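What follows is each chain in one-letter form.
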Amino acid sequence: MWFHLIWSAVIGTCVFFSLHTAHPSTDSPKYQFLSPQKFPVTPELEKRVQFWQKVFGEWDENTVVLHDEEFPHVIYTSVDLTKETLEDHFHYPNLPKRILPQAQEKVSHILEALRKNHLFSNIESEKRFNQLIEKHHEIYTKLYQLPSKERWKTRPLRWQFGLKNRLHQAIKTSRIYRPDIMQVLRSYGVPAELFCLTFVESLFTQTIESSAGAVGIWQLMPFTASPHLAIHDLLDERKDPI
């Protein structure tokens, strides 16, 4: 599941870069340096890739969507933090922590109610199910974007913030390193487009460290990096982009 999630995000960024070229008069970086043809979008990945194109190319940090973890293109609800901030500006710093769990709990309850009642056994239970459909029609229709065998299972949910502005900044930051990194990738016979992975993993943040201990733009774990890089209290070469 996580392979599909990350790989579709990588392809999504590749396609995004190939479709966007900055205007010469702007300060934005040029995006058209990758070849998505090397990463064909299979029918299985197409909708996932489209989802990540929206995350990286359309939605900013004020847009948050609650999606199916396994099938990310199935979006159950979204929150516009700009609108919420206007209504509750005093609590803005803690706004996502306060409203997102509430929104997710509401959707989870609706999905569970639909799941439990879809196999009605009598007229009364059928009536109850139809009332649920009428009340929560939008979420009900989302279930039919899932494969039929997955539709009535308990669905794992996940929040995703828009990354458009952060990606633009990451691209600007990466420009000085990009030619050298892509040259190194080519020298090892791997597609230079894997450079996109740095945006998916870390938004090209050199000093970032995950809760699991992964560090740097590539988010390398200690056991992966230690045979090749220096990792100790005074120096952690995982933070070096090249």
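Sequence order sets the numbering: in each chain, residues are counted from 1 along the sequence as written. Side-chain atom pairs in this predicted model are given and counted only at pLDDT of 80 or more, local residue features only at pLDDT of at least 70, and totals for whole chains, interfaces and linings cover all residues. In computing side-chain properties, one takes all heavy atoms of the structure into account and sets aside hydrogens as well as water.

Engineer: Help me understand a nonpolar patch on the surface, please; the structure alone is not making it clear to me.
Structural biologist: In this analysis, a patch consists of residues with relative accessible area above 30% that form no salt bridge, clustered at 9 Å for like charges and at 5 Å for the nonpolar side chains Val, Leu, Ile, Met, Phe, Trp and Tyr. We get accessible surface area from the Shrake-Rupley algorithm with a probe of 1.4 Å; when it comes to residues, only the shown protein chains can shield them. Salt bridges are defined by distance alone: a side-chain nitrogen of Lys or Arg within 4 Å of a carboxyl oxygen of Asp or Glu. Taken together, the side chains of Val-184, Tyr-188, Val-190 and Ile-242 present a nonpolar region at the surface, about 400 Å² in accessible area. Inspection of the secondary structure puts Ile-242 in the segment after helix H10 (222-225). Any residue under 20% of the maximum accessible area for its type is buried, any over 50% is exposed, and the rest in between are partly exposed; the area is computed with a 1.4 Å probe on protein chains only. Given the relative accessible area of 52%, Ile-242 is considered exposed. Here a helix means four or more residues in a row that DSSP labels H or I, a strand means two or more in a row labelled E, and each is numbered from the N terminus.

Engineer: Explanation requested: the side chain of Asp-236 in the structure shown.
Structural biologist: One can find Asp-236 in the segment after H10. Among the residues examined, Asp-236 registers a relative accessible area of 16% and is labelled buried. Within the structure, the side chain of Asp-236 is placed 2.8 Å from the side chain of Arg-238, a separation counted as a polar contact. Working rule for contacts: check all heavy atoms of both residues, and any pair within 4.5 Å makes them a contact. Leaving out residues up to four positions away in the same chain, Asp-236 has contacts with Val-215, Ala-230 and Ile-231. Whenever a nitrogen or oxygen atom comes within 3.5 Å of another N or O atom, the pair is scored as a polar contact, on the condition that within protein one atom can donate a hydrogen and the other can accept it, and that pairs from neighbouring residues in sequence are kept only if both atoms are in side chains.

Engineer: I would appreciate a short explanation of the nonpolar core in the present structure.
Structural biologist: Within soluble globular proteins, side chains that are nonpolar tend to cluster in buried spots. Counting residues in each nonpolar core, the largest one holds 23 residues, and the members touching the most others are Tyr-76, Val-107, Leu-111, Leu-114, Ile-139 and Trp-159. Mapped onto this core, the elements with two or more residues apiece are strand E1 (63-68), strand E2 (75-80), helix H4 (95-117), helix H5 (123-135), helix H6 (137-143) and strand E3 (157-161). In terms of residue count, the dominant contributor to this core is H4 (seven residues). Every residue in contact with Ile-139, bar those within four places of it in the chain, is listed here: Tyr-76, Val-107, Ile-110, Leu-111 and Leu-114. Put simply, a nonpolar core is a bunch of buried Ala, Val, Leu, Ile, Met, Phe, Trp, Tyr and Cys residues held in one set by side-chain atoms that sit within 4.5 Å of each other.

Engineer: Explain the packing of aromatic side chains here, please?
Structural biologist: Centre distance and the angle of the planes are the two values used to describe a pair of aromatic rings. Classification of ring pairs uses Phe, Tyr and Trp, with its six-membered ring standing for Trp, and accepts pairs whose centres are within 6.5 Å; under 30 degrees between planes counts as stacked, over 60 as edge-to-face, and the remaining range as tilted. One pass over the full model with this rule turns up 10 aromatic pairs. On the basis of an interplanar angle of 65° and a centroid distance of 5.3 Å, the ring pair of Tyr-140 and Tyr-144 is categorised as edge-to-face. Residue Tyr-140 is classed as buried on the basis of its relative accessible area, which comes to 15%. Note on Tyr-144: relative accessible area 43%, which makes it partly exposed. Both rings, one in Phe-195 and one in Phe-199, keep their centres 5.4 Å apart while their planes meet at 85°; by these two values the pair is edge-to-face. Accessibility assignment for this pair places Phe-195 and Phe-199 in one class, buried. What links up through ring pairs into an aromatic cluster is the set Phe-51, Trp-52, Phe-56 and Trp-59.

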